[in-house]
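Remarks on the overall topology
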Amino acid sequence: QVQLVESGGGSVQAGGSLRLSCAASGYTRSTYCMGWFRQAAGKEREGVAALSKGGTATYYADSVKGRFTISQDNAKNTLDLQMNSLKPEDTGMYYCAFVDGGYWYCGLERQSKYTIWGQGTQVTVSS
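All of these numbers come straight from a predicted model, not from anything done at the bench.

1. Digging into the layout of surface pockets
It is a probe the size of a water molecule, rolled over the atoms, that shows where empty space is left. Here the largest pocket is characterised by a volume of approximately 200 Å³. Around the largest pocket, the lining residues are Arg38, Gln39, Ala40, Lys43, Glu44, Glu46, Ser63, Arg67, Lys87, Glu89, Asp90 and Thr91.

2. Some details on the packing of aromatic side chains
If you walk through the whole model with that rule in mind, you get four aromatic pairs. Ring geometry for Phe37 against Tyr114: centres 4.8 Å apart, planes inclined by 75°, an arrangement best described as edge-to-face. Residue Phe37 is found in strand E4 (residues 33–39), and its partner Tyr114 is found in strand E10 (residues 114–117); the two are separated by 77 residues along the sequence. The exposure class assigned to Tyr114 is buried, which follows from its relative accessible area of 3%. Aromatic side chains Phe37 and Trp117 sit 5.0 Å apart centroid to centroid with 45° between the ring planes, which places their arrangement in the tilted category. With Phe37 in strand E4 and Trp117 in strand E10, this pair connects stretches of sequence that are 80 residues apart. By relative accessible area, which is 0% here, Phe37 ends up buried. On the accessibility criterion, Trp117 (26% relative accessible area) is partly exposed. Through pairs of rings, three or more aromatic residues link up here, namely Phe37, Tyr95, Tyr114 and Trp117.

3. So, the pattern of salt bridges
Here the idea is simple: oppositely charged side chains can pair when their charged atoms come close. According to the stated counting rule, one finds five salt bridges in the structure shown. Across the salt bridge formed by Asp90 and Arg38, the nearest N and O atoms sit 2.9 Å from each other. Note that Asp90 is positioned in the loop between strand E8 (78–83) and strand E9 (92–99) and Arg38 in strand E4, a separation of 52 residues in sequence. We classify Asp90 as buried; its relative accessible area is 0%. Judged by relative accessible area, which is 5%, Arg38 ranks as buried. A salt bridge links Lys65 to Asp62; the nearest nitrogen and oxygen atoms lie 3.2 Å apart. Through salt bridges with shared partners, one network takes in Arg38, Glu46, Arg67 and Asp90.

4. Let's talk about the state of the cysteines
Using the criterion set out here, one finds two disulfides in the structure. Shown here is the disulfide that connects Cys22 with Cys96, its sulfur atoms set 2.0 Å apart. Looking down the S-S bond of the Cys22 and Cys96 bridge, the torsion is 60°, so its handedness is right-handed. Within this pair, whereas Cys22 is found in strand E3 (residues 18–26), its partner Cys96 is found in strand E9, the two being separated by 74 residues in sequence. Taken as a pair, Cys22 and Cys96 share a single burial class, namely buried. Bridging Cys33 to Cys106, the disulfide has an S-S length of 2.1 Å. Because the sign of the S-S torsion sets the handedness, a value of about 55° for the bond joining Cys33 and Cys106 places this disulfide among the right-handed ones.

5. Quick look at the pairing of E9
In terms of burial, E9 is largely enclosed, as seven of its eight residues are buried. Sheet analysis places E4 next to E9, joined by seven bridges and oriented antiparallel. For Trp36, the partnering residue across the bridge sits in E9 and is Cys96. Taken together, the three bridges between E9 and strand E11 (residues 121–126) define a ladder with antiparallel strand orientation. Of the residues in E11, the one forming a bridge with Gly92 is Val123. Here E9 pairs with E10 via three bridges, running antiparallel. What sits directly across from Val99, in E10, is Tyr114.

What counts, and at which threshold
- Residues numbered from 1 in each chain as written.
- Predicted model: local features only at pLDDT ≥ 70, side-chain atom pairs only at ≥ 80, totals over all residues.
- Heavy atoms only, no water.
- 1 Å grid on protein atoms, 1.4 Å probe; cavity = no way out; pocket = protein on both sides within 12 Å on 5 of 7 lines; lining within 4 Å.
- Points joined across faces, edges and corners; volume = space filled by probe spheres on them.
- Phe/Tyr/Trp six-rings, centres within 6.5 Å; stacked < 30°, edge-to-face > 60°.
- Helix = DSSP H or I, 4+ residues; strand = E, 2+ residues; numbered from the N terminus.
- Buried < 20%, exposed > 50% of the residue type's maximum accessible area, 1.4 Å probe, protein only.
- Salt bridge = Lys/Arg side-chain N within 4 Å of Asp/Glu carboxyl O.
- Disulfide = S-S within 2.5 Å.
- Pairing = 2+ DSSP bridges.

Okay, structure coming up:
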């Protein structure tokens, strides 16, 4: 069983940077894909970035390409999201999630394939 805990959220002014981390514990051998999602107030949850196990493929939402970078720190067993040039529209609750339990999907569209989710960390970008 895998458990995920996000950290690194906070408040920052537009143009600033934040680095989010998702610490994974438990048995992660069956994990196929890892991703970051966000949900702004009054809007549906959307995929931000995803990384296949082994780092062979990455996926980014068009709105964050060139600004966000997803990576995995194997030594620390964390999934990280470096966010630069933050904009007010980046404000929201950010969640990390894993595709686990035998699913072989990786990407941002099929959110139902992500079966393990963290509790979320709030990111607020002020103008």
